Amino acid sequence: MRLLSGLVLGCLCQYAIAQNPHLHNVTNRPATLLAGNWHYIVDPYETGFRNHRNWTPYDEKEAATTSSAAPYYTNRKQVNRWDRIEYDFDQSPTLNVPGDWNHQRPELLYYEGSIWYKTDFKYNLPAGRRLLLHFGAANYRADVYLNGKKAGMHEGGYDPFHFDVTKLVQAGDNFLVVRVDNRRERDRVPGMTTDWWNYGGITRDVSLLEVPQTFISNFFLQADKAKRGRATGWVQLDGPQLAQKITVSIPALSVSQTVATDAKGRASLDLDISASKRWYPERPQLYEVVFKAETDQTSDRIGFRTIETKGKDLILNGKPIFLRGICMHEEVPTRMARAFSREDAQLLLGWAKELNCNFVRLAHYPHNEHTVRLADEIGLLVWDEVPVYWGINYENSATYAQAESQIRAMVERDKNRASVIVWSVANETPREDPQRLVFLNNMAAAVRQIDNTRLLSAALDRTEDKATNHIRITDPFAATSDVVSTNEYLGWYGSTPDRCRVVTWNLAEHDKPFLVSEFGADALFNHRGDSLTIWTEDYQEWLYREQIEMLKKIPSWRGVTPWILADFRAPRRNLPGIQDGWNRKGLISNNGYKKRAWYVLKAFYDELEQQWAYEIED
Ligand code: GCU
């Protein structure tokens, strides 16, 4: 179906996969973690999910997410000695959950298809309470069955989802079956090809949250850019008793506000934070905010800061800043696996801090919530991005619905994180596709509907005139972006690093901050030679030096996130003895060793830190 104009697109979103409303602040609620060894069945032929004669799913009519019909792999057990059952979860091997399947079994390293998981748990849900089953993420589609009944289906490989399982949980013993399918498909987001490993499985935490019938399901509280000294937002209830009084307090500031929710369970918030210490990367001040309703209570730790642009300047709490950044994938290179834990976040963000970064670009998809919460705590600004990456089916309204679902989920989850300052809707998408602009502008509108306190951008396309050596950002989405950002590989793709000396960046048409969201070169750790020998640390080091000298000349340059913190797995990178399935643009090798270019960037960041130093008021 051709994607019509933006206006029509909005109403085409009935194709959106039915989603539960966002469940907020999960990590601050008491929960039962379903972590550990889950039995699994590899199912490349969809034996468990589809009728083999006509390929129709056993349990759903396309977009529906819950139904009474059951799939074949429902955890049946033999009763009579003549029963023929050609699977048995409990006799099958196990995988660790959370965690991608690729790194856990050699035969699953490249696996793309469906895997069925099964775990058991005991539960006794007190009367009057609700039970929510929450997943931090599963890549790419998850079909979830509790005690043989469909709880729901979710599509999207990097965003949280949950199902209310109050009516499905049994007193005592329960069994949970989850089918995860990580196939790349033309209409999915991302599409058929990326430059990262297609890690599949239940990749993040699974937890059971017990809540009152009516609970605080969502809230938003951020420093208000228009009302200095105030934090504004809203609080939302979910359940039958939507009209309640809710007191929101910030004990450390001795401020509170009592509000009455409306018939939809929502109330606006406006608190005095004039006595607060603003959040800075150098002083990541967080405040406990307590939300106390008549039927529920929850709390979160929130930092108060403002981020805006003023012409070519990025302004944090009224002060011009420079973003000393680095890109990172959600992967622990030494484990060759998706990062998922707080410890993994401490390793990766610890490396960024060691590089003297004040900023990280979480490429190219939302990372796990531990990462953004740790960035809040240790003081790193964050670029948050969804995988609208390279070839996406911009013509397809179901694809758009999926992209919007993913970016809404990302903004909803991270909207109270002071560290997050940029929402990115895309990476290197073809500007010549007319539907692509409609697609991205609709996503931008969806983001701003939820949060207009942060900046919006994307890794934009640019034009390099080989005759004049002039470079411009001519991507039409630059008009929508608050920050003009682009990935440029001068000195790597199509040229050697000396090219950096002859080009001129013409950005005067954009009265906005300019951010280089990627530059870099591959280098195999300890592979040495003269600086013109490709794949050597010497070449990568030379490129970094030339890039820095070039970028320093650009008047509106306000930040950079070189590609990339660490070497990462990539099926498109296959030069034997050099790449071997790794993208080697890391400043840190897959074994955790720093390359020579690390020290070039570190020295430059130490210089920039002094050049852009600012006073932090008490
Ligand atoms: C692209 C892309 C990255 C990729 C990198 C590279 O700009 O955004 O995902 O890994 O370049 O070519 O190494």
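Residues numbered from 1 in each chain as written. Predicted model: local features only at pLDDT ≥ 70, side-chain atom pairs only at ≥ 80, totals over all residues. Heavy atoms only, no water.

**Overview of empty space enclosed by the protein**
Take a probe with the size of a water molecule and roll it over the atoms, and the empty space left behind shows itself. Taken as a whole and assessed by the stated rule, the structure comprises two cavities of 30 Å³ or more. There is about 110 Å³ of room inside the largest cavity. Along its surface, the largest cavity is lined by 14 residues, and Asn139, Tyr158, Arg184, Pro190 and Asn198 are the ones closest to its centre. Here the lining of the largest cavity is composed, by residue class, of five nonpolar, five polar and four charged. Estimates place the volume of the second largest cavity at around 50 Å³. Here the lining of the second largest cavity is built from residues that sort into seven nonpolar, one polar and two charged. (1 Å grid on protein atoms, 1.4 Å probe; cavity = no way out; pocket = protein on both sides within 12 Å on 5 of 7 lines; lining within 4 Å. Points joined across faces, edges and corners; volume = space filled by probe spheres on them. Nonpolar A, V, L, I, M, F, W, Y, C, P; charged D, E, K, R; others polar.)

**Observations concerning the packing of aromatic side chains**
Enumeration over the complete set of coordinates arrives at 36 aromatic pairs. Ring geometry for Trp492 and Trp535: centres 5.4 Å apart, planes at 75°, overall edge-to-face. A residue pair is termed long-range when its members are at least 10 positions apart, and Trp492 in the loop between strand S30 (484–487) and strand S31 (504–505) and Trp535 in the loop between strand S32 (514–518) and helix H6 (537–551) qualify at 43 residues. Of the two residues examined, Trp492 and Trp535, each falls in the buried class. For Arg179, the ring lying beneath its charged end belongs to Phe49, and the centroid distance is 3.8 Å. (Phe/Tyr/Trp six-rings, centres within 6.5 Å; stacked < 30°, edge-to-face > 60°. Helix = DSSP H or I, 4+ residues; strand = E, 2+ residues; numbered from the N terminus. Buried < 20%, exposed > 50% of the residue type's maximum accessible area, 1.4 Å probe, protein only. Lys NZ or Arg CZ within 6 Å of the ring centre and 35° of its normal.)

**Observations concerning the environment of Met550**
Secondary-structure assignment places Met550 in helix H6. The class of Met550 is buried, set by a relative accessible area of 3%. Taking the C-alpha atoms as reference, Met550 lies 59 Å from Pro71; in sequence the two are 479 residues apart. If we skip the residues at most four places from it in the chain, Met550 touches Glu488, Leu490, Cys500, Val503 and Trp505. (Contact = heavy atoms within 4.5 Å.)

**Side note on the sheet that holds strand S18 (residues 307–310)**
Strand pairing in a sheet relies on backbone hydrogen bonds. The paired strands run either parallel or antiparallel. The sheet built from three strands is open, its strands ordered S18-S19-S20 with antiparallel pairing. Both edges of this open sheet fall to S18 and strand S20 (319–321), since each of them pairs with a single strand only. In this sheet, neighbouring strand axes are inclined to one another by 45° on average, regardless of whether the strands run parallel or antiparallel. Pairing geometry for strand S19 (residues 313–316) and S20, over three bridges, is antiparallel. Paired with Leu316 across the two strands is Lys319, which belongs to S20. (Pairing = 2+ DSSP bridges. Axes fitted to C-alpha atoms, helices over the stretch in contact; angles between N-to-C directions.)

**Quick notes on the site of the ligand**
As a structural note, the neighbourhood of the ligand is formed by 14 residues, with Asp195, His364, Glu428, Tyr493 and Glu518 the closest of them. A distance of 2.7 Å separates an oxygen atom of the ligand from a polar atom in the side chain of His364. Tyr389 places a side-chain nitrogen or oxygen 2.7 Å from an oxygen atom of the ligand. For the ligand, whose unbound accessible area comes to 320 Å², protein coverage reaches 97%. Here the residues of the shell around the ligand are counted per class, giving five nonpolar, four polar and five charged. (Near = heavy atom within 4 Å. Polar contact = N/O pair within 3.5 Å; in protein donor to acceptor, adjacent residues only side chain to side chain. Areas by Shrake-Rupley, 256 points an atom, 1.4 Å probe, with all protein chains shown as cover.)

**Re the packing of helix H4 (residues 397–414) against helix H5 (residues 434–450)**
A packed helix pair is summarised by two numbers, namely the angle formed by the two axes and the spacing between the axes. H5 packs onto H4 with a crossing angle of 30° between their chain directions and a minimal axis gap of 10 Å. Here H4 is positioned roughly parallel relative to H5, judged by the angle of their axes. Considering the relative orientation of H4 and H5, their crossing is right-handed. Each of Thr399, Tyr400, Ala403, Glu404, Ile407, Arg408, Val411 and Glu412 in H4 lies in contact with H5, whose residues at this interface are Phe439, Asn442, Met443, Ala446, Val447, Gln449 and Ile450. (Parallel < 35°, antiparallel > 145°, perpendicular 65-115°, else oblique. Left-handed = near helix turned anticlockwise from the far one by under 90°.)

**Comments concerning the nonpolar core**
Considering soluble globular proteins, one finds that nonpolar side chains tend to be buried as a cluster. Core analysis: the biggest nonpolar cluster contains 88 residues, and Val388, Met443 and Trp505 have the highest contact counts within it. Counting residues in each nonpolar core, the second largest holds 31 residues, with Leu95, Ile115, Tyr123 and Leu176 among its members. (Core = buried A, V, L, I, M, F, W, Y, C linked by side-chain atoms within 4.5 Å.)

**Quick word on the domain arrangement of the protein**
Here the domain parsing of the protein yields domain 1 (31–212), domain 2 (215–295) and domain 3 (312–611). Taken over C-alpha atoms, the centre of domain 2 sits 33 Å from the centre of domain 3. In this complex, domain 2 contributes 13 residues to the contact, which on the side of domain 3 involves 23 residues. Summing both sides of the interface, domain 2 and domain 3 together bury roughly 1,500 Å²; the carbon and sulfur share of this comes to 54%. On the domain 2 side of the contact with domain 3, Phe220, Trp279 and Pro281 bury the most area, a combined 39% of that side's loss. Inspection of the region where domain 2 meets domain 3 yields zero salt bridges. It is strand S11 (residues 215–223) that contributes the most residues to the side of domain 2 that touches domain 3, five residues altogether. (Domains from an automatic or database assignment. Buried area = accessible area lost by both parts, 1.4 Å probe. Salt bridge = Lys/Arg side-chain N within 4 Å of Asp/Glu carboxyl O.)

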